[in-house]
Amino acid sequence: MTQQSLWQFIIEQHEKLLTQITQHLGLTFLSLLLAIVVGVPLGILIARKRKLSSSVLGVAGILQTIPSIALLGFMIPAFGIGATPAIAALLIYALLPIIRNTYTGITEVNPTVIEAAKAMGMNKTQLLFKVEIPLAMPVIIAGIRTAAVINVGVATLASFVAAGGLGEFIFGGISLNNTNMILAGAIPAALLAVLLDQAIAVLQKSGYRLFQKLKYIVPAILIIVGAIYLLTSVSENKLKAGFTPEFMGRQDGDLGLRSVYRLNVNPVVVSDAIMYKAAYEKELDLISGYSTDGRIKAFDLYVLNDDKKIFPPYFAAPIIKTKTLEKFPELEKTLNLLSGKFNDSIMTDLNYKSDYLHQTPEKIAKDFLVKNNLYKIPRNGNSGTVRIGSKIFGEQYILTEMYKMLIEGNTNYKVETKTGLGGTKICFDALMNDAIDFYPEYTGTGLLVLLKPTEQTIKKVSQSPDETYNYVNSEFQKQYGIQWLKPLGFNNSYALIMRRKQSKELNIKSISDLKNYINSK
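Residues numbered from 1 in each chain as written. Predicted model: local features only at pLDDT ≥ 70, side-chain atom pairs only at ≥ 80, totals over all residues. Heavy atoms only, no water.

J.: I'd like to hear about the packing of aromatic side chains, residue by residue, with values.
T.: What the rule picks out here adds up to 20 aromatic pairs. Here Phe428 and Tyr480 contribute two aromatic rings whose centre-to-centre distance is 5.0 Å and whose plane-to-plane angle is 75°, an arrangement assigned as edge-to-face. With Phe428 in helix α21 (residues 424–432) and Tyr480 in helix α24 (residues 465–480), this residue pair connects regions lying 52 residues apart in the sequence. Counting every residue linked through ring pairs, the aromatic cluster contains Phe243, Phe247, Tyr290, Phe311, Tyr314, Phe393, Tyr442 and Tyr494. Over the ring of Tyr352 we find Lys297, and its NZ or CZ is 4.4 Å from the ring centre. (Phe/Tyr/Trp six-rings, centres within 6.5 Å; stacked < 30°, edge-to-face > 60°. Helix = DSSP H or I, 4+ residues; strand = E, 2+ residues; numbered from the N terminus. Lys NZ or Arg CZ within 6 Å of the ring centre and 35° of its normal.)

Here it is as C-alpha cells:
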C-alpha cells in the first residue's frame, strides 16, 4: 500500500479544508471585530483617565496569561459549546494588544500638537477624532495586527468546543498518527497568519487617509466572513452530532459509519472532555464515545448497538519494547498482575468514580489494588527508573497509577509517570523514541491506527478479541520490536451514544435504527 502524499490528501479533502479555512477566518474576524469595538474605546478611556490605566491593563494582562485551552474551558459553563465560547475566548486574548496600543498611541501624541489644537478652539471630541486618533493610528493598527496573528493561532483550539476551524485537521492528525492531516491544518493556519499580518501592515503604512476610505469596507468584510462562518456551522440534521477529532478520521469511526452504514450525520468536532456533558445538557444529541466511560452512567446515556460490527475489539494491555523487558527483568511479571482483573462493568465503575465522583486516580487505583490483594507498601528501591506514559483521559490515568503502585510495591525500581501525553501518535512516538518505557494501549487502536493493514486483513482479524490481540502482538514485534503484555480483560471500544430518554422516545436502539430515523425526514 503506497503512502498518500500531502498533495493527494489536500485534493481528496479540499471541500472540508475550504470549509475549515472559512470557519477559521470567521472565528478570527468576528473576535477581532468585537475586540476592536471593546478594546479601542477602553484604550481611549484609560488615556483620558490615567488612574484607571494600571488596573485595566493589569486585568487584560492577567486574562492574556490564562492558558488558551483553560480559557475555553471557563467559557463552556457560561456559553455552552460552539462558536460563542470560542469567540468569547478569542476576544479576551485580543484585548491586551489593542487596549495597550490605543492607550500608548494616544498618550504619546506630542503635547505641543494638542496645545495647538486647543488654541484653534477644538473641543475634546474634535481633538480626539481629528488629532489624537489620526496621529495614534499607526500604533493602534500595530496592536490590531498583533491581536490578529494571536487569534489565528489560538483559533486552532476552537475545535475542542465544536466551533470548527483548522484545529480539526491538526488535532485529528495528532490523534490518528497522520502527518498529512496535521500539515493540512497547520500550513494553512500559518499562511493565514502571515497573509493577515501583511495585509494589516499595508494598512498601517498607508496612513490615516487610506484608513478613512476603508473604515466601512473592512468592517463589512469582517462581518460577511463571520456570517459565512455561522452559516457553515449550522447543521440541517434532525439530531446534532459531535465526534472527537480521532473518531472523525478512523475507519472504526465516522469513515466506517459512512461506508458501512451509509450514515452521514454532519458532525461537529468536539473534545471528548466535554462531549458527554454536552449530550447530557442537550447541546448535542449524538456523540462518539468509549463503551466503558464512567460518564455514560453518570449522565444516564445510552450506547447504541453496533449491529454491523464496525467497531473491532479494544482490549487494553501495556505495550513495551522487548529491550526494555530485558533491561528490567522483573517488570513483565509485575505488569501482568493486572491481567484478567477487569471486565467492562468494573472499568466503567472505576471511570465513574473518576469522571463523576471526582475521586483522584491515586485513590481509585489504591482502593482497587487493596480490594484485589495486590497492594504492597512501596520498597523505595533504586535499581533503575521505569517511565510510564498515558493518553489524556481518566481511564489511562487510573491504569498508570495502578502500574506505578504495583512496580513500586513488587520491585526495587523507581517509577516516573508522564501522563496526559495526548493522543495515540504522541504516546506511540514517545515509546518509539525511548521517552517512555510503556503505556496502556488498545488492540483496536493498534490494529487500525498504528498498523493500518488492508481491509481484508482487518475483517479477518477483527472476528474475535483473541485474533485481534494475537495479530497486533505478532506484527508489533516484527515491525517495532514491541510486545503486548497480557490483556487486562475489559473492552473499551468506540460507541455511538445518545441520551437514554431520547433514544427511548425515538425508538433508536442501534446504529441502523439511527440511520432509518435520520433518513425518514
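Next, the rest of the story.
J.: Could you give an account of the pattern of salt bridges, naming the residues involved and the relevant values?
T.: One pass over the structure, following the stated rule, counts 21 salt bridges. Between Lys323 and Asp434 there is a salt bridge; the shortest N-O distance is 3.3 Å. Here Lys323 is found in helix α16 (residues 322–327), whereas its partner Asp434 is found in the loop between α21 and β8 (438–442), with 111 residues between them in sequence. By relative accessible area, Lys323 is classed as partly exposed at 47%. We classify Asp434 as partly exposed; its relative accessible area is 32%. With a shortest N-O distance of 4.0 Å, Lys418 and Glu416 are connected by a salt bridge. On the accessibility criterion, Lys418 (29% relative accessible area) is partly exposed. (Salt bridge = Lys/Arg side-chain N within 4 Å of Asp/Glu carboxyl O. Buried < 20%, exposed > 50% of the residue type's maximum accessible area, 1.4 Å probe, protein only.)

J.: Lay out helix α7 (residues 124–154) with the relevant residues and their values.
T.: With 31 residues, α7 should reach 45 Å at 1.5 Å per residue; the first-to-last C-alpha distance of 38 Å falls well below that figure. Along α7, the helix axis deviates most sharply at Met137, where the bend reaches about 55°; the proline Pro138 sits within four residues downstream. Backbone nitrogen of Thr125 and a side-chain oxygen of the N-cap are separated by 3.2 Å at the start of α7; the cap is Asn123. (Expected span 1.5 Å × (residues − 1). Bend = angle between axes of the 7 residues up to and from the residue. Polar contact = N/O pair within 3.5 Å; in protein donor to acceptor, adjacent residues only side chain to side chain.)

J.: Run through the sheet that holds strand β2 (residues 268–269), naming residues and quoting values.
T.: By way of backbone hydrogen bonds, the strands of a sheet pair with one another, either parallel or antiparallel. Strand order in this open sheet of 5 strands is β2-β1-β3-β10-β4, and the pairing throughout is mixed. If you trace the sheet from one side to the other, it starts and ends with β2 and β4 (301–303), each paired once. (Pairing = 2+ DSSP bridges.)

J.: An account of the side chain of Ser503 is needed here, citing residue identities and associated values.
T.: Structurally, Ser503 is set in helix α25 (residues 500–506). What makes Ser503 buried here is its relative accessible area of 4%. Only 2.8 Å separates the side chain of Ser503 from the backbone oxygen of Arg500, close enough to count as a polar contact. Leave out the neighbours within four places in its chain, and Ser503 touches Tyr302, Met498 and Ile508. (Contact = heavy atoms within 4.5 Å.)

J.: Explain the side chain of Asn151 to me, and be specific about the residues and the numbers.
T.: Its place among the elements puts Asn151 in helix α7. Classification of Asn151 by relative accessible area gives buried; the value is 0%. Ignoring anything within four residues of it in the chain, the contact list for Asn151 reads Thr28, Ser31, Leu32, Leu90, Tyr93 and Ala94.

J.: Go over unusual backbone geometry with me, naming the residues and quoting the values.
T.: In the Ramachandran plot, Arg262 falls in the positive-phi region, its phi being about 55° despite a non-glycine side chain. By the element assignment, Arg262 lies in the loop between α13 (254–259) and β2.

J.: Tell me about the nonpolar core, and name the residues and values.
T.: With 113 residues, the main nonpolar core has Leu338 and Phe342 as its most contacted residues. It is helix α5 (residues 83–107) that provides the largest number of residues to this core, a total of 8 residues. Those residues in contact with Leu338 that lie beyond four places of it in its chain are Phe368, Leu369, Leu374, Met402, Tyr403, Leu406 and Leu488. One finds Val40, Ile98, Ile106 and Ile140 within the second-largest nonpolar core, a separate group that totals 40 residues. (Core = buried A, V, L, I, M, F, W, Y, C linked by side-chain atoms within 4.5 Å.)

J.: Which residues make up the packing of helix α3 (residues 53–65) against α5, and what values do they have?
T.: At a closest axis distance of 8 Å, the pairing of α3 and α5 adopts a crossing angle of 150°. Put simply, α3 runs roughly antiparallel to α5. In this structure, the crossing between α3 and α5 has a hand that is left-handed. Of the residues in α5, those in contact with Ser53, Val56, Leu57, Ala60, Gly61, Leu63 and Gln64 of α3 are Ile92, Tyr93, Leu96, Pro97, Ile99, Arg100 and Tyr103. The residue inventory of the contact of α3 with α5, partitioned by class, reads 10 nonpolar, 3 polar and 1 charged. (Axes fitted to C-alpha atoms, helices over the stretch in contact; angles between N-to-C directions. Parallel < 35°, antiparallel > 145°, perpendicular 65-115°, else oblique. Left-handed = near helix turned anticlockwise from the far one by under 90°. Nonpolar A, V, L, I, M, F, W, Y, C, P; charged D, E, K, R; others polar.)

J.: How would you sum up the pairing of strand β6 (residues 385–389)? Please name residues and give values.
T.: Of the pairings in the sheet, the one linking β6 to strand β7 (residues 414–418) comprises 5 bridges and is parallel in character. If you follow Gly389 over to β7, its bridge partner there is Lys418. Of the crossover connections in this fold, the one passing from β6 over helix α20 (residues 394–410) to the parallel β7 is right-handed. (Right-handed = clockwise from strand over helix to strand, strands pointing away.)

J.: Report on the environment of Ile310, specifying residues and quantitative values.
T.: Relative to the elements of secondary structure, Ile310 occurs in the loop between β4 and β5 (316–321). Separated by 86 residues in the primary sequence, Ile310 and Ile224 have C-alpha atoms spaced 41 Å apart. Contacts of Ile310, omitting those with residues within four sequence positions, involve Asp252, Gly253, Gly256, Leu257, Val260 and Tyr261.

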